[in-house]
Amino acid sequence: MIASTMQEYPLTITAIMRHGAAVYGDSECVTNTGAGFRRATFREVTANAERLAAALVKLGVRSGDRVATFCWNHQEHLEAYLAVPSMGAVLHTLNIRLFPEQLSHIVNHAEDKIVIVDDNLIPLLARSLADLGGVEKFIVVGDGDAAVLGDRVLRYSEIVAAEEPGFDWPELDERSAATMCYTSGTTGNPKGVVYSHRSSYLHSMAVLSATLMGITEADRVLTIVPMFHVNAWGLPYGAFLSGATLHMPGPFMTPDQLTRFVAAEKSTLASAVPTIWNAILNYGAGADIDLSSLRAGTSGGAAIPESLLKAFDEQYGLRIVQGWGMTETSPLGGMAVPPAEVEQGTPEDLQWRLRSGRVAAGVEMRIVDALGEVLPWDGESVGEIEVRGPWITGSYFRDDAPEKFDNGWLRTGDIGTIDGRGFFQITDRAKDVIKSGGEWISSVELENHLMGHPAVAEAAVIGIPDDRWDERPLAFVVVRAGAAVSAPELAEFLAAKVAKWQVPENWTFVEEIPKTTVGKFDKKPLRARYKDDELKVERLR
Ligand code: AMP
């Protein structure tokens, strides 16, 4: 082997921050305050990050200490995203939608020393307060009442104002911890994923590339995906690398507020989970909204129904491109950017965007069957998706979880196919797939077809025990306000779209489908309600 002549240059968040401040100092972070839009340039944001780091040092924060945030998407959260990792500490983003016991478990498991919290989120945090004895200080963003937090309170604006810019950032090892985030814990206790400076840098570069989101200085990115879960898909760091302006909704996450933001500030790109896109569509049906500045939207976190993609195409000329990822993958593992020969706006274009993604450069993917055999990329063989790469976790924080790994590959728990060009389709979570008579039925596919019916607002399908077939599908349906539809009508509708044996014979109509902390359908309570015999189930056969 001969050595290369290249420099050993550490890939760090400090480098991302310096680049943004030096090259794109005039790009902005724009925060919705409810009363208007608060603007700060990247230069100002970086100066505040320097002040924040100085203040945190005075509070005793040392290399490797965990500093948590319990915040919406806004300027101060961005400052913490830059300051905490760059000073050598670890930014721990806390999901504001966790149950109180999960929240205190996570804070204590991570040993968070400081929690930066929005004043309007104090009531949520306070529910866990009795179990947060290890937290030394709460730094409150905003000047709302914080009395309930007791004498550990400091004000963000005061501690930052008391310092000067010009912090002397340390030299960091690119492999050291930069940020951390716990999985949403739909099965068992949440697990901690710790991102390194290097993984964050490489992931951010990938997010910017045209094979994923293609973000440039010309973009104004409405970051609807929360900064409190998996680094908001890498958009904050991506903006500092590319000079894109960041649009931050703060707590104003309703469709009227989000669409007003787009119209007022001319957002060019918006990233959200399907439930938010659905809410925007429903809102737009009864209000005059202007999405014309958006060049594209991205969706991820759960499968997006075809009807939703189509509605945005047809009603707003807005192409939403789907991506796939998870907490363990930083999160982006791929985006379904259609192949070069496909013309935008055609029906074919839409079908490609319904794929879960195309494998991102930097990520290796394979599918494996129940016996551990690696399956071909033929678009048909169905198995568990496994991934490896520089921004894929190789373990969990203080939890080895060997069952989650397969010889250096992360077992994603997602079931799907990959075709010969690296487009993959998630057909289900391993725990949600319905095993009927030795065949698998995709609950996601049934749900998406059902949600394409004009009378259906939401639908979720679970497997229930069946003497003959082991499991059969049970469909939960939420009927759109003012509409009416029967189970036989829906069964007939489905029979035109999937194999007959896949059509559910068990149906129940409900008021709503429960959602997880990150807005996905939560099937656990649905299973419990079925088990506890709380449902009126209509049987068609
Ligand atoms: P989380 O760790 O909370 O971000 O959840 C990750 C999980 O969300 C993945 O393992 C998938 O099950 C699901 N997911 C993410 N993106 C998609 C997508 N485009 N289609 C289907 N499921 C998705």
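Residues numbered from 1 in each chain as written. Predicted model: local features only at pLDDT ≥ 70, side-chain atom pairs only at ≥ 80, totals over all residues. Heavy atoms only, no water.

**Section: the state of the cysteines**
Under the counting rule described, the total for this entry stands at zero disulfides. This cysteine, Cys71, is not joined by any disulfide, and Cys29 carries the nearest cysteine sulfur, 13 Å off. Take Cys71: its relative accessible area is 1%, and that puts it in the buried class. Sulfur of Cys181: no disulfide; nearest cysteine sulfur belongs to Cys71 and is 14 Å away. For Cys181, a relative accessible area of 1% gives the class buried. (Disulfide = S-S within 2.5 Å. Buried < 20%, exposed > 50% of the residue type's maximum accessible area, 1.4 Å probe, protein only.)

**Quick notes on unusual backbone geometry**
A negative phi holds for most residues other than glycine; trans holds for most peptide bonds. The omega angle of the peptide bond from Ser330 to Pro331 is 10°, so this bond is cis rather than trans. Residue placement: Pro331 occurs in the loop between strand E14 (320-325) and strand E15 (332-335). Backbone geometry at Glu111 places phi at a positive 55°, although glycine is not the residue there. Not every positive phi belongs to a glycine, and Ala232 is a case in point at roughly 45°. Along the chain, the position of Ala232 falls in the loop between strand E10 (220-223) and helix H8 (235-242). (Helix = DSSP H or I, 4+ residues; strand = E, 2+ residues; numbered from the N terminus.)

**Quick notes on the pairing of strand E8 (residues 177-182)**
Across the six residues that make up E8, a large majority, five, are buried. In terms of strand pairing, strand E4 (residues 90-93) meets E8 through two bridges, oriented parallel. The residue of E8 that forms the bridge with Leu91 is Thr179. With five bridges connecting them, E8 and strand E9 (residues 192-196) associate as antiparallel partners. Within E9, the position partnered with Thr179 by the bridge is Tyr195. (Pairing = 2+ DSSP bridges.)

**Observations concerning the packing of helix H7 (residues 197-208) against H8**
In contact at an axis separation of 9 Å, H7 and H8 are set at 75° when each is read in the N-to-C sense. If you check the angle between H7 and H8, you find them roughly perpendicular. Judged by residue contacts, Ser204, Met205, Val207 and Leu208 of H7 engage Leu235, Tyr237, Gly238, Leu241 and Ser242 from H8. Looking at the contact of H7 with H8, its residues break down into six nonpolar, three polar and no charged. (Axes fitted to C-alpha atoms, helices over the stretch in contact; angles between N-to-C directions. Parallel < 35°, antiparallel > 145°, perpendicular 65-115°, else oblique. Contact = heavy atoms within 4.5 Å. Nonpolar A, V, L, I, M, F, W, Y, C, P; charged D, E, K, R; others polar.)

**Some words on the side chain of Asp65**
By the secondary structure assignment, Asp65 is in the loop between helix H2 (42-58) and strand E3 (66-70). Assessed through its relative accessible area of 18%, Asp65 is described here as buried. Other than its neighbours up to four places away in sequence, Asp65 contacts Gly60, Ala89, Val90 and Lys113.

**Overview of the site of the ligand**
In the vicinity of the ligand there are 14 residues, among which Gly323, Thr327, Asp414, Arg429 and Lys520 approach most closely. Within the side chain of Asp414, an N or O atom sits 2.6 Å from an oxygen atom of the ligand. When the free accessible area of the ligand is taken as 500 Å², the share hidden by the protein chains comes to 90%. The element contributing the most residues to the shell around the ligand is E14, with four residues. Residues belonging to the shell around the ligand are distributed by class as follows: four nonpolar, seven polar and three charged. (Near = heavy atom within 4 Å. Polar contact = N/O pair within 3.5 Å; in protein donor to acceptor, adjacent residues only side chain to side chain. Areas by Shrake-Rupley, 256 points an atom, 1.4 Å probe, with all protein chains shown as cover.)

**Side note on the pairing of strand E6 (residues 137-141)**
With four of five residues buried, E6 lies mostly within the body of the structure. Relative to E6, strand E5 (residues 112-118) runs parallel, the two being bridged by five bridges. By the bridge assignment, Ile114 is partnered in E6 with Lys137. Relative to strand E7 (residues 153-155), E6 is paired through three bridges, and the arrangement is parallel. Note that in E7 the partner of Val140 across the bridge is Arg155.

**Brief notes about the nonpolar core**
Counting 83 residues, the largest nonpolar core has Leu78, Ile116, Met213 and Ile215 as the members making the most contacts within it. No other element matches the seven residues that H2 contributes to this core. The residue makeup of this core includes at least three contributed by each of domain 1 (9-201) and domain 2 (359-429). Core analysis: the second largest hydrophobic core is formed by 27 residues, Ala68, Ile96, Ala110 and Val140 among them. (Core = buried A, V, L, I, M, F, W, Y, C linked by side-chain atoms within 4.5 Å. Domains from an automatic or database assignment.)

**Structural notes on the packing of H2 against helix H3 (residues 75-86)**
Where H2 contacts H3, the two axes come as close as 8 Å, and the packing angle between them is 65°. Along this stretch, H2 crosses H3, giving a crossing that reads as right-handed. Side by side, H2 and H3 meet where Val45, Asn48, Ala49, Leu52, Ala53 and Leu56 of the first sit next to Gln75, Leu78, Glu79, Ala80, Leu82, Ala83 and Val84 of the second. A class-by-class count of the residues in the contact of H2 with H3 yields 10 nonpolar, two polar and one charged. (Left-handed = near helix turned anticlockwise from the far one by under 90°.)

**Looking at the domain arrangement of the protein chain**
You can read the domains of the protein chain as domain 1 (9-201), domain 2 (359-429) and domain 3 (434-539). One C-alpha centre belongs to domain 2, the other to domain 3; they are set 27 Å apart. With four residues of domain 2 at the contact, the number on the domain 3 side is six residues. Contact with domain 3 buries area across many residues of domain 2, yet Ile415, Thr427 and Asp428 alone supply 78% of it, more than any other trio. On inspection of domain 2 and its partner domain 3, the count reaches zero salt bridges. Counting across the domain 2 and domain 3 interface gives two residue pairs in polar contact (both at pLDDT 80 or more). Within the side of domain 2 that touches domain 3, the residues separate by chemical class into two nonpolar, one polar and one charged. (Buried area = accessible area lost by both parts, 1.4 Å probe. Salt bridge = Lys/Arg side-chain N within 4 Å of Asp/Glu carboxyl O.)

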